[in-house]
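A look at the structure
Chain by chain, the residues run as shown.
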Amino acid sequence: MKTVMVTGATSGIGKACALAFAKAGYRVIITGRRAGLLQELSDWIRGECGPDRVYTLVFDVCDRKGAEEAVSGLPEEWKMIDVLVNNAGLALGLDKEYEGDYQDWDTMIDTNIKGLLTMTRTIVPGMVERNHGHVINIGSVAGDAAYANGNVYCATKAAVKSITDGLRIDVAHTALRVTLVKPGLVETNFSKVRFHGDEKRADNVYKGIKPLTGEDIAEVVVYAAQSPAHVQIAEILVLATHQANGSVIVRE
Ligand code: NDP
Ligand code: 8X3
């Protein structure tokens, strides 16, 4: 049975990926900072899929030492990770670059870029050693081109694109596969987090358009993971039907 690790599995796309992989027969390592939500998800997977199908790790991807210790503390039977889904990430603020908040910038860079790199640096050496593995990074349409007030968030996702392409080059001599999934508007907690808990402002992001769901993205992620070993889905851009790119959204 294959083992997948999903970072940021407490909510949204990560939670949907964890559930989709569990339903597809994988053993799932779920990670995030909120232990209570991971416990609920773990209980559900245990109940529906079996007691040995889920393992929980609580850590912050920005805490490099904590992340490394969490992974190295996995029981032997969970250490051989077949698929790493680097999903944990966030946007904070939607401000003009010359008015942005330093703390928001630091948190986005530390999480979306440095956290993803920490997980890659921690998990991929074992994959290379075993000559087997798949890294699936969650980028964004925001990484294709900057949109108004998106500046630093867009830059972090452009970095995820470069980091993903770089890894694909660096493991091209192995059997590892590297995939970038770039969603457009997905209705999750993303906008609530971006607007620091302002639910009204968050709801407006999805007004007048049918957004994607976490499940829509999870289906694509599982598809990439399950493609034959000689097929490397390098990059997928997934948009809602009335979204054309990061800036063009046609609302009713
Ligand atoms: P959610 O806010 O619903 O989920 C974000 C997840 O990331 C949570 O599980 C959260 O877990 C985790 N996370 C955030 N910071 C950290 C951290 N420091 N350490 C560990 N886990 C962390 O948003 P989405 O599901 O929408 O976002 C998931 C990914 O998808 C992000 O990378 C986002 O940029 C990307 N994305 C989202 C889109 C959208 O429209 N929603 C579109 C394109 C890409 P916890 O708080 O428990 O730690
Ligand atoms: C999330 C999608 O367009 O809100 O990356 O930035 S968007």
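For the structure, check the block above.
To start, this report covers the structure provided alongside it. Since this is a predicted model, take the numbers as computed values, not measurements.

1. Description of helix H1 (residues 12–23)
When the terminal C-alpha atoms of H1 are compared, their 17 Å separation across 12 residues agrees well with the 16 Å that a helix rising 1.5 Å per residue should span. For H1, the set of buried residues is Ile13, Gly14, Ala16, Cys17, Ala18, Leu19, Phe21 and Ala22. Contacts made by the buried residues of H1 are with strand S1 (3–6), strand S2 (27–32), helix H2 (35–49), strand S4 (83–86), strand S6 (177–183) and helix H8 (214–226). In the stretch just after H1, Gly25 is the one whose phi turns positive, near 100°.

2. Side note on the site of ligand 2
The environment of ligand 2 is made up of Ser140, Ala142, Tyr147, Tyr153, Gly184, Phe190 and Arg194. In the model, an oxygen atom of ligand 2 is placed 2.5 Å from a nitrogen or oxygen of the Ser140 side chain. Within the contact set of ligand 2, an oxygen atom lies 2.5 Å away from a side-chain nitrogen or oxygen of Tyr147. Here ligand 2 has 240 Å² of accessible area as a free molecule, and 87% of this is covered by the chains. Broken down by class, the residue content of the shell around ligand 2 amounts to 4 nonpolar, 2 polar and 1 charged.

3. Some remarks on the nonpolar core
With 41 residues, the main nonpolar core has Phe21, Val85 and Val221 as its most contacted residues. When residues no more than four places from it in sequence are discounted, the contact partners of Phe21 are Val4, Tyr26, Val28, Val83, Val85, Val221, Val222 and Ala225. Counting 21 residues, the second largest nonpolar core, distinct from the first, contains Ala70, Val71, Met119 and Leu176.

4. As for the sheet that holds strand S7 (residues 235–238)
The sheet built from 7 strands is open, its strands ordered S3-S2-S1-S4-S5-S6-S7 with parallel pairing. With one partner strand each, in any of the chains shown, strand S3 (54–58) and S7 form the two edges of the open sheet. Geometrically, the sheet is characterised by an average inter-axis angle of 15° between neighbouring strands, direction not taken into account. Bridge analysis of S6 against S7 gives 4 bridges, and the strand direction is parallel. The partner of Pro183 across the bridge, within S7, is Val238. Contacts from helix H4 (residues 102–130) reach S1, S4 and strand S5 (134–138), with the element oriented near 175° to S4.

5. Section: the packing of aromatic side chains
In this structure the tally under the stated criterion is 4 aromatic pairs. Ring geometry for Tyr55 versus Trp78: centroids 5.6 Å apart, planes at 40°, classification tilted. Taken as a pair, Tyr55 in strand S3 and Trp78 in the loop between helix H3 (64–72) and S4 lie far apart in primary sequence, 23 residues in all. In this structure Tyr55 comes out as partly exposed when scored by relative accessible area, which is 26%.

Scoring rules and cut-offs
Residues numbered from 1 in each chain as written. Chains lettered and ligands numbered in written order. Predicted model: local features only at pLDDT ≥ 70, side-chain atom pairs only at ≥ 80, totals over all residues. Heavy atoms only, no water. Helix = DSSP H or I, 4+ residues; strand = E, 2+ residues; numbered from the N terminus. Expected span 1.5 Å × (residues − 1). Buried < 20%, exposed > 50% of the residue type's maximum accessible area, 1.4 Å probe, protein only. Contact = heavy atoms within 4.5 Å. Near = heavy atom within 4 Å. Polar contact = N/O pair within 3.5 Å; in protein donor to acceptor, adjacent residues only side chain to side chain. Areas by Shrake-Rupley, 256 points an atom, 1.4 Å probe, with all protein chains shown as cover. Nonpolar A, V, L, I, M, F, W, Y, C, P; charged D, E, K, R; others polar. Core = buried A, V, L, I, M, F, W, Y, C linked by side-chain atoms within 4.5 Å. Pairing = 2+ DSSP bridges. Axes fitted to C-alpha atoms, helices over the stretch in contact; angles between N-to-C directions. Phe/Tyr/Trp six-rings, centres within 6.5 Å; stacked < 30°, edge-to-face > 60°.

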